[in-house]
Amino acid sequence: MKRILTIALAALAPLMALVATPATAQRTDINVGMVLEPPNLDPTSGAAAAIREVTYANIFEGLTRFGPDGSVNPGLAHAWDISDDGLTYTFHLREGVIFHDGSPMTAADVVFTLDRARGEDSTNAQPQLFAAIETVEALDELTVQVTLNRQQGSFLFNMAWGDAVILSPESAADNATNPVGTGPFRFTRWVQGDRVEMERNPDYWGEAPALERVTFRFIQDPSAAFAAMMAGDIDAFPNFPAPETLAQFEADPRFAVIVGSTEGNTILSMNHENEALADVRVRQAIAHAINRQDIIDGAMFGYGTPIGTHFAPHNPDYLDLTDLTPHDPERARELLAEAGHEGLSLRLALPPPGYARRGGEIVAAQLREVGIRTEITNVEWAQWLEQVFRGGDYDLTIVSHTEPMDIGIYARPDYYFRYDDADFQGLIAELDVTSDPAERTALLHAAQRHIAENFVVGFMFQLPKTGVANAEIEGLWENAPVPANDMTAVRWTN
Amino acid sequence: MLRYALSRLLSLSLSLVVASLVIFFVIEVIPGDPASYMLGMNARPETVAALSRELGLDQPIFTRYLAWVGGMLTGDFGTSYTYRVPVGDLIAARLGVSLPLTVYALLLTIVIAFPVGLIAAATRGSALDAGIMGGTQLGIAVPNFWFAMLLVLFFAITLQWFSAGGFPGWDRGFWINIKALTLPAVALALPQASILARVMRSAVIETLGQDYIRTARAKGLTSRQAVVGHALRNALIPVLTIIGLQFSFLLAGAIIIENVFFLPGLGRLIFQAITQRDLIVVESVVMLLVFAVIMVTFLVDLAYAAVDPRLRRRA
């Protein structure tokens, strides 16, 4: 009902929206729309993507930082040396970096941050990023030496995450409500339930951003988001919640539609503890029963890239394995018959996002076509985390795994797939201690192929990033290699 | 009057105790652990346990219930799990939106409904009355969120007189916030005004048929004098009941309108807190709403007694 109304609203708007916005002087403020409000503003404590979408690269910075293309670039460390054995990283920090509270950023702050993140009572949501760190030492004011207990090819990548941003010991405890970082913008206020405001940091060490004020506003309802864009209350909505109206924004010269990719591998997860799903033939049958393009068209309004394994298509090491499991209901029925699982009935748990709820209905219909009955349960995130993810009490579920480079989850036998495969675990263990790029590529290819050929889960599509912005704004990230709304390079063009 | 008020007070305290038990235990059995939700998919079990301890979730459920009720009695609602700020502050900030919105919508409701209802009653059976009855029927039938969207489409997108939503905050001045609340208040008020106008009309018509009105007319009062001086006061009892219900409904039930206009009110707070398993916020806000509804009922009961002296004597 709500969706129909959104469409109706979308259909009526151009008829009524003939009044042009008057030309004004170049603006230096921006209102950015987000669907979910961050629960707090400390990216080192809490898993919500919304925390990073507000603070990453704007308020907080790490030793390294992600660029718009997902590359790892220098951040607060302008350079680093890696010892020949790959175990010692020496970071050279930038000079003249000042926290928003006026205190200088030094090697001691880096030591504090990394020790805090891996400490006993750390509430960091990504402990695996710091798991390889043995010691962190300040060699002088601006030099930090990190020693690892094993080689880790992804260490610099790990240090670019929002969970690894550098904090000051004086302000770390209050960052949840009053974040103090080193970034180009400093926090000014948070009207809970409505918006977070920040202003340009005059003491920023790098190039000053063009924007003077940035306001993130939180609008959950798709119709409201549409209206807010149309009325000009919101200037940019990087993850726009009403994809059905994107065509209309595309046709309107006042707006630009920005479609990019994310790290979200959207999969039909399977529980290998289920007796039927433990049979590789049943899993293969499900893989053949799924029609990826129909799901993308039906659930994502055509936005999204089919995937055949757990890897981001924009990554240079990606292998396109979609041909391994073409849509083939006939083959699926044969495999099910062979496995003796005709008349199979499975539970399908669907978390709240549209890709899961809408996609789930389509998947259920496609499975019904090959003779698998599904019992759909809609669950909230908290319930999904407890029952499906931690409890393993499910058969099938649909979820987008948004962490970058997370193929290693298939090597964790206690992970909610309950997939225990010594060969694959060996591959990932080897990958973890390999830093030679060519060898890493070979191993990553082998890993992608392994899970695809074992049909570990149903690989569906890469989650797109579909955004809308005022056509006069430039510098927004097109892709989302990590959850972030980096405002450093954003400016108005007129 | 005093005994009447005391007996009402006693029964409402009992209602509050029962409500607190139901709210707390029903919400606590919902599946989904707040600490795991906050830490997401990659957290270690020790980290989740540490956060649970920090939030006090490792205490037995009865201990937590007593701590919650005890805290509320002393005005301390506890600390929000997700926002990590006192729940009292959160509620106060949200009431700063919800309460003005409710009062604004209710004032609009009364300002529209009273004259419309009186005119319809006074011109009973005429074309004007039929028109009013048809109009109010439509007002009740139209879903308020749909009406809200039409308002946004016309006044925000086309004319650009108003923002499509949002709330600037009281520190930005008075009128700018009244302006921000205008479209939501109108959207909320239209169906309520339609209901109230119809109640008003039938209540006035009923009293107009009473003997004392005939007596009043017989002693020489004009129709208008009879309505305003005698019928209105007696028609007010059912109207007051409805206004009381409408106040509670508007305060607790504006959640959809708050979503359409992305207003940071109480409804959105509950909605968000439920999905984030910020149980203490859900419990406290629901409790507060129950308290508000019970208080409004109590005040309406007292208002009955003020309007109708017979109630005072009976109690």
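How each quantity is defined
- Every residue gets a number counted from 1 within its own chain, in the order that chain's sequence is written.
- For this description, chains carry letters from A and ligands carry numbers from 1, given in the order in which they are written.
- Where local features are concerned, this predicted model is filtered to residues with pLDDT of at least 70; where side-chain atom pairs are given and counted, the filter is 80 or more; whole-chain, interface and lining totals use all residues.
- Hydrogen atoms and water are omitted, and side-chain values are computed over all heavy atoms in the structure.
- Working definition: helices are DSSP H or I runs of at least four residues, strands are E runs of at least two. Numbering for both runs from the N terminus.
- To get the radius of gyration, use the C-alpha atoms; to get the globule rule, take the number of residues to the power 0.38 and multiply by 2.2 Å.
- Each residue's exposure class comes from its accessible area (1.4 Å probe, protein chains only) as a fraction of the maximum for that residue type: buried when under 20%, exposed when over 50%, partly exposed otherwise.
- A contact between two residues is defined here by any heavy atoms of the two lying within 4.5 Å.
- Here, Shrake-Rupley sampling with a 1.4 Å probe gives the accessible areas, and only protein chains in the shown set may cover a residue.
- Buried area: the accessible surface (1.4 Å probe) lost by two parts on joining, summed over both.
- Put simply, a salt bridge is a Lys or Arg side-chain nitrogen that is within 4 Å of an Asp or Glu carboxyl oxygen.
- Residues are grouped as follows: Ala, Val, Leu, Ile, Met, Phe, Trp, Tyr, Cys and Pro are nonpolar; Asp, Glu, Lys and Arg are charged; every other residue, Gly included, is polar.
- Aromatic pairs are defined between Phe, Tyr and Trp rings, using the six-membered ring for Trp, whenever the two ring centres lie within 6.5 Å; interplanar angles under 30 degrees are classed as stacked, those over 60 as edge-to-face, and all others as tilted.
- Two conditions define a charge located above a ring, namely a distance within 6 Å from the ring centre to NZ of Lys or CZ of Arg, and an angle within 35 degrees of the ring normal.
- At least two bridges found by DSSP between two strands is the condition for calling them paired.
- For helices, the axis comes from a line fit to the C-alpha atoms of the stretch in contact; other axes are also lines fit to C-alpha atoms, and the angle between any two N-to-C directions lies between 0 and 180 degrees.
- Only buried residues count toward a nonpolar core. Its members are Ala, Val, Leu, Ile, Met, Phe, Trp, Tyr and Cys residues joined through side-chain atoms within 4.5 Å.
- What counts as a domain boundary in this text is fixed by an automatic or database domain assignment.
- What makes a patch is a set of residues exposed beyond 30% relative accessible area and free of salt bridges, joined within 9 Å when like-charged and within 5 Å when nonpolar (Val, Leu, Ile, Met, Phe, Trp, Tyr).
- This arc describes the spread of directions from the helix axis toward the C-beta atoms.
- Our angle categories are set so that under 35 degrees counts as roughly parallel, over 145 as roughly antiparallel, 65 to 115 as roughly perpendicular, and the remainder as oblique.
- The hand of a helix crossing depends on one turn: near helix anticlockwise from the far one by less than a right angle means left-handed, and clockwise means right-handed.

With that out of the way, let us pick up the overall build of chain A. Counting secondary structure elements, chain A contains 13 helices and 19 strands. For chain A, the C-alpha radius of gyration of 24 Å lies close to 23 Å, the compact-globule estimate for 494 residues. Each principal axis of the C-alpha distribution contributes one length, and for chain A these read about 70 × 65 × 35 Å. Expressed as a percentage of the 494 residues in chain A, the buried residues total 59%. Taking all contacts inside chain A whose residues are at least 6 apart in sequence as the whole, residues at least 24 apart take part in 68%. By element, 50% of the accessible surface of chain A is carried by carbon and sulfur atoms, the whole surface being about 18,400 Å².

Many authors give the size of an interface as the accessible area that is lost as the parts come together. Taken together, the contacts link 58 residues of chain A with 50 residues of chain B. Summed over both sides, the interface of chain A with chain B buries roughly 4,600 Å², with 57% coming from carbon and sulfur. Put simply, chain A and chain B have three salt bridges between them. Its salt-bridge partner being Glu197(A), residue Arg172(B) comes within 3.2 Å of it at the nearest N-O pair. Elements that contribute at least two residues to the side of chain A that touches chain B include exactly α1 (2-16), β8 (185-191), β9 (195-200), β10 (213-218), α5 (222-230) and α11 (381-390) of chain A. It is α11(A) that provides the largest number of residues to the side of chain A that touches chain B, a total of nine residues. Split into classes, the residues belonging to the side of chain A that touches chain B amount to 26 nonpolar, 18 polar and 14 charged.

Moving on: the packing of aromatic side chains. In total, this model carries 37 aromatic pairs over all chains according to the counting rule given. Ring centres of Tyr410(A) and Phe417(A) lie 4.8 Å apart, and the angle between their planes is 20°; on these two criteria the pair is classed as stacked. Note on Tyr410(A): relative accessible area 1%, which makes it buried. Overall, the relative accessible area of 0% leaves Phe417(A) in the buried class. Joined through ring pairs, the aromatic side chains of Trp381(A), Trp384(A), Phe389(A), Tyr394(A), Tyr410(A), Tyr415(A), Tyr416(A), Phe417(A), Phe424(A) and Phe459(A) make up one cluster. Here Lys179(B) stacks its cationic end above the ring of Phe162(B), 5.9 Å away from the centre of that ring.

What follows covers unusual backbone geometry. Residue and element names in this part refer to chain B. One non-glycine residue, Phe262, lies in positive phi territory at about 30°. On the secondary structure map, Phe262 appears in the loop between α11 (255-260) and α12 (266-275). Overall, Phe262 belongs to the buried group, its relative accessible area being 0%. Of note in the backbone geometry, Arg277 takes a positive phi value of approximately 55° without being a glycine.

Right, let's talk about the pairing of β10(A) for a bit. Residues and elements named next belong to chain A. Judged by how many residues are buried, β10 sits mostly within the fold: five of six residues are covered. Where β9 lies against β10, five bridges are found, and the strand directions are antiparallel. Paired with Val196 across the two strands is Phe216, which belongs to β10.

Before going further, it helps to examine the sheet that holds strand β6 (residues 133-140) of chain A. Residue and element names in this part refer to chain A. Strand order in the open sheet formed by four strands is β4-β5-β7-β6, with antiparallel pairing between adjacent strands. Strand pairing shows two members of the sheet lacking a second neighbour, β4 (77-82) and β6, which therefore form its edges. Adjacent strand axes in the sheet meet at a mean angle of 20° when their direction is disregarded. Bridge count between β6 and strand β7 (residues 143-148): six bridges; the pairing is antiparallel. Bridge pairing in β7 places Asp140 opposite Thr143. Set on the sheet, helix α3 (residues 107-117) makes contact with β5 (88-93), β6 and β7; between it and β6 the angle comes to about 170°.

Take the nonpolar core next. In terms of nonpolar packing, the biggest core is built from 134 residues, with Val214(A), Phe216(A), Phe240(A), Met487(A) and Phe261(B) touching the most fellow members. Considering each element in turn, this core owes the most residues, 15 residues, to helix α13 (residues 279-307) of chain B. Three or more residues apiece are contributed to this core by two domains, here domain 1 (35-174) and domain 2 (182-260 + 465-480) of chain A. Every residue in contact with Val214(A), bar those within four places of it in the chain, is listed here: Ile30(A), Val32(A), Phe185(A), Val196(A), Glu197(A), Met198(A) and Met487(A). In terms of nonpolar packing, the next biggest core, distinct from the first, is built from 65 residues, Leu268(A), Ile372(A), Leu431(A) and Leu443(A) among them.

What follows covers a nonpolar patch on the surface. On the surface, a cluster of nonpolar side chains totalling about 410 Å² of accessible area is made up of Val17(B), Val18(B), Leu21(B), Val22(B) and Val26(B). Overall, the relative accessible area of 46% leaves Val17(B) in the partly exposed class.

Residue and element names in this part refer to chain A. When helix α9 (residues 329-339) is considered as a whole, its buried residues turn out to be Pro329, Ala332, Leu335, Leu336 and Ala339. When α9 is viewed along its axis, its buried side chains cluster within an angular range of 120° and face the same direction. Here the buried face of α9 lies against α7 (280-289) and α10 (354-369). One or two residues past the end of α9 sits Gly340, with phi positive at roughly 75°.

The angle between the axes and the distance between the axes are what describe a pair of packed helices. All names here are of chain A. At a closest axis distance of 8 Å, the pairing of α7 and α9 adopts a crossing angle of 165°. As far as their axial angle goes, α9 and α7 are roughly antiparallel. Seen along the crossing, α7 lies across α9 with a hand that is left-handed. For the pair formed by α7 and α9, the contact residues are Arg281, Val282, Gln284, Ala285, His288 and Ala289 on the first element and Pro329, Arg331, Ala332, Leu335, Leu336, Glu338 and Ala339 on the second.

Residue and element names in this part refer to chain B. In the contact formed by helix α5 (residues 87-122) and α13, the axes pass within 10 Å of each other and the chain directions differ by 50°. In terms of axis orientation, α5 runs oblique to α13. Note that α5 runs across α13; the crossing there is right-handed. Packed against α5, whose contacting residues are Val87, Leu90, Ile91 and Leu95, the element α13 presents Ile280, Val281, Ser284, Val285 and Leu288 at the interface. For the contact of α5 with α13, a count of residues per class yields eight nonpolar, one polar and no charged.

What follows deals with the domain arrangement of chain A. Residue and element names in this part refer to chain A. Its domain assignment divides chain A into domain 1 (35-174), domain 2 (182-260 + 465-480) and domain 3 (262-463). Taking the mean C-alpha position of each, domain 1 and domain 3 sit 32 Å from one another. Of the roughly 640 Å² buried between domain 1 and domain 3 on both sides combined, carbon and sulfur atoms contribute 51%. The tally of links between domain 1 and domain 3 comes to one salt bridge. With its nearest N and O atoms 2.5 Å apart, the salt bridge here joins Arg150 to Asp432. Of the residues assigned to the side of domain 1 that touches domain 3, the class counts are two nonpolar, four polar and one charged.

Residues and elements named next belong to chain B. Here the structure, examined in full by the defined rule, presents 25 salt bridges over all chains. Between Arg8 and Asp301 there is a salt bridge; the shortest N-O distance is 2.7 Å. Remark: Asp301 occurs in helix α13 and Arg8 occurs in helix α1 (residues 2-28); sequence separation between them is 293 residues. A relative accessible area of 10% means that Asp301 is categorised as buried. Glu28 is the partner of Arg64 in a salt bridge, and the nearest nitrogen-oxygen pair spans 2.8 Å.

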